[in-house]
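Geometric and topological summary
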Amino acid sequence: MRHLLSVDDLTRADVDGLMELTDSFLEVSRREIAKVPALRGKTVVSLFYEDSTRTRISFETAAKRLSADTMTFGVKGSSHAKGESLRDTVQTIEAMGIDALVVRHQAAGAPHRVADWVDAAVCNAGDGRHEHPTQALLDMYTLRQHLGSLEGARVAIVGDVLNSRVARSDVKALDLLGAAVTLVAPPTLLPSSLAGWPVVVHHDLDDVLPELDVVILLRIQRERQDEGLFPSLREYALRYGLTAERAERLPEHALVMHPGPMNRGVEIDPDVADGPRSTITEQVANGVAVRMAVLFSLLGSGAPVAA
Ligand code: CP
């Protein structure tokens, strides 16, 4: 694997290989000294033009557990403020001698451009409304831990699909692994065309819940409220928020996921987020081992995942 820019870069065999690697790196993460020398001598740079808690720290932890050297580029305090372009920035960083760039950017396609400009491996850590492939991989890994196989699993993705890169990557990954995906949202929070999306669409969450194995809630992007895409947060929560009462409509075995950060009391109630169905903390924990698997596949010798 040369770069990881989109779930489209992966075959089902690639995903299986990454999941097997994740199993072994999860075991490493549980050791008293959670470190292996797999990427000793390699340098991994986090290049984050957008805020992040989970993804940035998770990638940096993953790189350190593989014994890579790490550098972090935060847009605040950098020469970006003096007008330095993305291309000049990445080529400047590459000149210092690096092996991988983990890129988050507000512009869809930015990591793809970066991959054209550098020899280093590039991993997309979220680009605009486009994709977030490692979030999809950690979501799939967490689901496989619970369900064994995703073949035929009934999964709903609920909320702001229009603005969600997680939704786009999750839909592709779920489809690749054989799940049946339903999008649940008001029409204003769906893309104007879903041509080519392997999904069905519903607008009533209460109708869908009893048929599900998994519900993935998306963050309502409060910054979108002024665009008139929904009347108010209260109205949204009334129709689409997963309250404890509403969650009782789910089958007993059904799981509740959220990529974070959450708006507690909007798309998910605290009782559900912290309840027994929730996999939210597991998703974060698995994210480190999944990103170890991705970095190892990009930079390790004899990488078992084919490009
Ligand atoms: N899920 C996710 O991407 O979270 P962060 O924005 O905190 O990285």
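Please read all numbers here as calculations on a predicted model, not as lab measurements. Each chain has its residues counted from 1, following the order in which its sequence is written. Reporting of local features is limited, given that this is a predicted model, to residues whose pLDDT is at least 70; pairs of side-chain atoms are given and counted only at 80 or more, and all residues count toward the totals for whole chains, interfaces and linings. Hydrogens and waters are ignored; side-chain quantities use all the structure's heavy atoms.

1. Here we look at the pattern of salt bridges
- Counted as salt bridges are all cases of a side-chain nitrogen of Lys or Arg within 4 Å of a carboxyl oxygen of Asp or Glu. In this structure the tally under the stated criterion is eleven salt bridges.
- Note that Lys172 is salt-bridged to Asp8, the shortest N-O span being 2.9 Å. Pair noted here: Lys172 is in helix 6 (residues 165-176) and Asp8 is in the segment before helix 1 (12-29), with a separation of 164 residues, a long-range link.
- The classification of residues rests on relative accessible area computed with a 1.4 Å probe and restricted to protein chains. Under 20% of the type maximum is buried, over 50% is exposed, and intermediate values are partly exposed. Assessed through its relative accessible area of 28%, Lys172 is described here as partly exposed.
- On the basis of relative accessibility, which here comes to 56%, the residue Asp8 falls in the exposed class.
- Among the ionic contacts, a cluster of salt bridges with common partners joins Asp8, Glu131 and Lys172. Numbering of helices and strands starts at the N terminus; helices are DSSP runs of H or I of at least 4 residues and strands are runs of E of at least 2.

2. Concerning the sheet that holds strand 1 (residues 43-48)
- A pair of strands is labelled paired if DSSP reports no fewer than 2 bridges between them. Sheet architecture is open: four strands sit in the order 2-1-3-4, paired in parallel fashion. Each edge of the open sheet is held by one strand with a lone partner, namely strand 2 (69-74) and strand 4 (121-127). Across the sheet, the mean angle separating the axes of adjacent strands is 15° when strand polarity is ignored.
- Note that strand 1 and strand 3 (residues 100-105) share five bridges and pair parallel. Lines fitted to C-alpha atoms define the axes here, with helix axes fitted over just the stretch in contact, and angles between the N-to-C directions of these axes take values from 0 to 180 degrees.

3. Structural notes on the domain arrangement of the chain
- As assigned here, the chain comprises domain 1 (7-129 + 284-299) and domain 2 (133-280).
- On a C-alpha basis, the centroid separation for the pair domain 1 and domain 2 is 26 Å.
- Any pair of residues with heavy atoms lying within 4.5 Å of one another is described as a contacting pair. Each partner contributes residues to the interface: domain 1 has 29 residues there, and domain 2 has 28 residues.
- In this description, buried area is defined as the sum, over both parts, of the accessible area (probe of 1.4 Å) that is lost when the two are combined. Approximately 2400 Å² of surface area, both sides summed, lies buried where domain 1 meets domain 2, with 55% of it carried by carbon and sulfur atoms.
- Three residues, Val7, Arg12 and Arg129, lead the burial of domain 1 against domain 2; their summed loss comes to 32% of the area buried on that side. What fixes the domain bounds is an automatic or database domain assignment.

4. Overview of the pairing of strand 6 (residues 180-184)
- Judged by how many residues are buried, strand 6 sits mostly within the fold: four of five residues are covered.
- Note: strand 5 (residues 154-158) against strand 6, five bridges, orientation parallel. Note that in strand 6 the partner of Val158 across the bridge is Val184.
- Consider the strands pointing away from the viewer: the crossover is right-handed when the path from the first strand over the helix to the second runs clockwise. This β-α-β element, strand 5 to helix 6 to strand 6, shows right-handed connectivity.
- Two elements, strand 6 and strand 7 (residues 199-202), share four bridges in a ladder whose sense is parallel. Along strand 7, the bridge assignment pairs Val184 with His202.

5. Topic: the sheet that holds strand 7
- Read across the open sheet, the five strands follow the order 7-6-5-8-9; overall the sheet is parallel. Because the sheet does not close on itself, it has two edges, and the strands there are strand 7 and strand 9 (255-257). Adjacent strand axes in the sheet meet at a mean angle of 25° when their direction is disregarded.
- Taken together, the three bridges between strand 8 (residues 214-217) and strand 9 define a ladder with parallel strand orientation. Looking at the pairing, Val214 lines up with Leu255 of strand 9.

6. Side note on the packing of helix 1 against helix 5 (residues 133-147)
- Between helix 1 and helix 5, whose axes approach to 11 Å, the crossing angle comes to 75°. Here helix 1 lies roughly perpendicular to helix 5, going by the angle between them. For the pair formed by helix 1 and helix 5, the contact residues are Val15, Asp16, Leu18, Met19, Thr22, Asp23 and Leu26 on the first element and Leu137, Met140, Tyr141, Arg144 and Gln145 on the second.
- Of the residues assigned to the contact of helix 1 with helix 5, the class counts are seven nonpolar, two polar and three charged. Small angles under 35 degrees read as roughly parallel and large ones over 145 as roughly antiparallel, with 65 to 115 read as roughly perpendicular and the rest as oblique. Note on residue classes: Ala, Val, Leu, Ile, Met, Phe, Trp, Tyr, Cys and Pro are nonpolar, Asp, Glu, Lys and Arg are charged, and everything else, Gly too, is polar.

7. Section: the environment of Asp269
- Mapped onto the secondary structure, Asp269 falls in the loop between strand 9 and helix 10 (270-273).
- Sequence separation between Asp269 and Asp69 is 200 residues, and the spatial gap between their C-alpha atoms is 40 Å.

8. Considering the site of the ligand
- Consider each residue's heavy atoms; a residue with any of them within 4 Å of a molecule or strand counts as near. Residues in contact with the ligand, as listed here, are Ser52, Thr53, Arg54, Thr55, Arg104, His132, Gln135, Pro259 and Gly260.
- By the criterion applied in these results, polar contacts are pairs of N or O atoms within 3.5 Å in which, for protein atoms, one can donate a hydrogen and the other can accept it, and in which residues neighboring in sequence qualify only through two side-chain atoms. Ser52 has a polar side-chain atom sitting 2.6 Å from an oxygen atom of the ligand.
- At 2.9 Å from a nitrogen atom of the ligand is found a main-chain nitrogen or oxygen belonging to Pro259.
- In isolation the ligand offers 250 Å² of accessible surface; the protein chains occlude 91% of this area.
- The class makeup of the residues in the shell around the ligand is one nonpolar, six polar and two charged. The method behind every accessible area is Shrake-Rupley, applied with a 1.4 Å probe, and residues are considered shielded solely by the protein chains displayed.

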